[in-house]
Amino acid sequence: MTELKRVAIVGSARIPFARGGTAYADETNLSMLATTLGGLADKYGLRGEKVDEVIAGAVINHSRDFNIAREALLDAGLSPRTPGTTLQIACGTSLQAALVLAGKIASGQIDSGIAAGSDTVSDSPIVFGSKFQHRLLDANAAKTTGGKLQAFTKGFSFGELAPVAPSVNEPRTGMSMGQHCELMAREWGISRRAQDELAVASHRNAAKAYDEGFHDDLLVQCAGLVRDNNVRADSNLDKMSTLKPAFDKSSGHGTLTAGNSTPLTDGASSVLLASEEWAKARGLPILAYLTVGRVAGNDFAHGEGLLMAPTIAVSEMLQARRARLCRH
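Since the model is a prediction, treat every value here as computed from it, not as a measurement.

Below, the discussion takes up the pattern of salt bridges. Two side chains with opposite charge may pair up if their charged atoms get near one another. Across all of its chains, the model carries 15 salt bridges by this definition. Several salt bridges converge on common partners, so that one network encompasses Lys 131, Arg 135 and Glu 160.

Written as structure tokens, this is what we have:
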């Protein structure tokens with residue numbers, strides 16, 4: 001059996017995160033991802049260089065974003081000989097991309113790879129219902145002007161023009177992530193106070209990290225934004241306590257508010273992985289090693305808790321790790 005190589009984490013880059021509809025209102029998943037990859041390329045001398053593979057994706061996709069990973073890496077200035085693979089696994093897209101690349105590096109299939117992800121709610125696709133969709137397709141397929149006009153107008157009603165609003169609600173339950181999180185908080189007895197305290201601490205820690213320069217070498221300017229615009233340094237418990245529940249507004253038991261919940265956000269990030277040999281040959285740093293990973297699913301549609309899958313993955317990962325150590 002071939003000995004596995006160690007997978008080096010060389011470094012990362014990201015654009016600042018922005019509340020939906022603000023700084024990146026005119027940006028797209030493609031433009032944000034390309035900016036992020038370009039920043040990573042500049043940071044580690046990869047402009048014009050071939051990376052063995054880029055894997056990236058987004059949760060909310062436009063049909064125009066055909067193989068967004070490949071298009072973004074070309075826009076970012078990587079060598080055209082770099083292949084791009086587009087992947088999607090909800091909120092775990094870029095993490096799964098990193099695990100796939102790590103497996104290829106560890107087994108010797110490739111020596112370098114970039115895992116990345118991008119998401120925007122500001123440029124969500126607006127689509128029409130299926131009846132108008134088929135009407136447009138039929139009109140496009142018609143050979144003559146008359147045929148196109150007939151396909152477009154026959155039986156037409158203005159109700160067909162009503163757009164289908166974009167949604168990230170879970171298809172099997174019809175519930176948003178916030179609604180699922182309300183169920184989880186209730187099941188595990190996580191109080192409103194505890195959530196507010198964690199949110200306040202998070203905002204203050206994020207602001208402190210900026211003030212101390214922690215993010216200085218991580219961020220790539222995008223659309224004039226140089227730091228996250230969703231950090232509220234002035235957060236306090238008194239303000240938090242006045243906010244009304246955002247997802248469970250009727251039961252009297254809602255605990256998630258606009259203050260202690262994650263805002264709808266636009267952004268993109270990337271990480272460069274490599275074999276030790278590849279990194280050392282280019283004089284690049286090795287910050288850490290990616291040694292193990294795991295993904296998991298559960299039966300959330302029947303009450304297991306949509307947001308609990310990561311806890312299952314961590315448990316399975318630690319169990320597998322312990323079993324390997326015991327064998328050795």
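Picking up after the structure, the text goes on.
Now for the nonpolar core. Leu 37, Leu 46, Leu 78, Ile 114 and Leu 272 are the most contacted members of the largest nonpolar core, which totals 33 residues. Contributing elements (two or more residues each) for this core: strand E1 (7–14), helix H1 (29–43), strand E3 (54–57), helix H2 (68–75), strand E5 (112–119), strand E8 (265–275) and helix H9 (276–281). Take this core: its biggest share by element is six residues, from H1. Those residues in contact with Ile 114 that lie beyond four places of it in its chain are Leu 37, Leu 40, Leu 46, Val 51, Glu 53, Val 54, Ile 55, Leu 78, Leu 101, Ser 270, Val 271 and Leu 272.

What follows concerns helix H7 (residues 192–211). Taking 1.5 Å of rise per residue, 20 residues should cover 28 Å, and H7 covers 29 Å from first to last C-alpha, within 8% of that figure. Among the structural elements, E1, helix H6 (177–187) and helix H8 (237–241) are those in contact with the buried residues of H7. Following H7 by one or two positions, Gly 213 adopts a phi angle in the positive range, close to 85 degrees.

The geometry of an aromatic ring pair is captured by two quantities: the separation of the ring centres and the angle between the planes. Taken as a whole, this structure holds five aromatic pairs when the rule is applied. When the ring of Phe 152 is compared with that of Phe 156, the centres are 6.2 Å apart and the planes differ by 15 degrees; the resulting orientation is stacked. Residue Phe 156 is classed as partly exposed on the basis of its relative accessible area, which comes to 27%. Taken together, a centroid distance of 5.4 Å and an interplanar angle of 75 degrees make the contact between Phe 156 and Phe 158 edge-to-face. Members of the aromatic cluster, each reached through a chain of ring pairs, are Phe 128, Phe 132, Phe 152, Phe 156 and Phe 158. Positioned over the ring face of Tyr 289 is Arg 6, at 3.8 Å from the centre of the ring.

Rules and cut-offs
Residues numbered from 1 in each chain as written. Predicted model: local features only at pLDDT ≥ 70, side-chain atom pairs only at ≥ 80, totals over all residues. Heavy atoms only, no water. Salt bridge = Lys/Arg side-chain N within 4 Å of Asp/Glu carboxyl O. Core = buried A, V, L, I, M, F, W, Y, C linked by side-chain atoms within 4.5 Å. Buried < 20%, exposed > 50% of the residue type's maximum accessible area, 1.4 Å probe, protein only. Helix = DSSP H or I, 4+ residues; strand = E, 2+ residues; numbered from the N terminus. Contact = heavy atoms within 4.5 Å. Expected span 1.5 Å × (residues − 1). Phe/Tyr/Trp six-rings, centres within 6.5 Å; stacked < 30°, edge-to-face > 60°. Lys NZ or Arg CZ within 6 Å of the ring centre and 35° of its normal.

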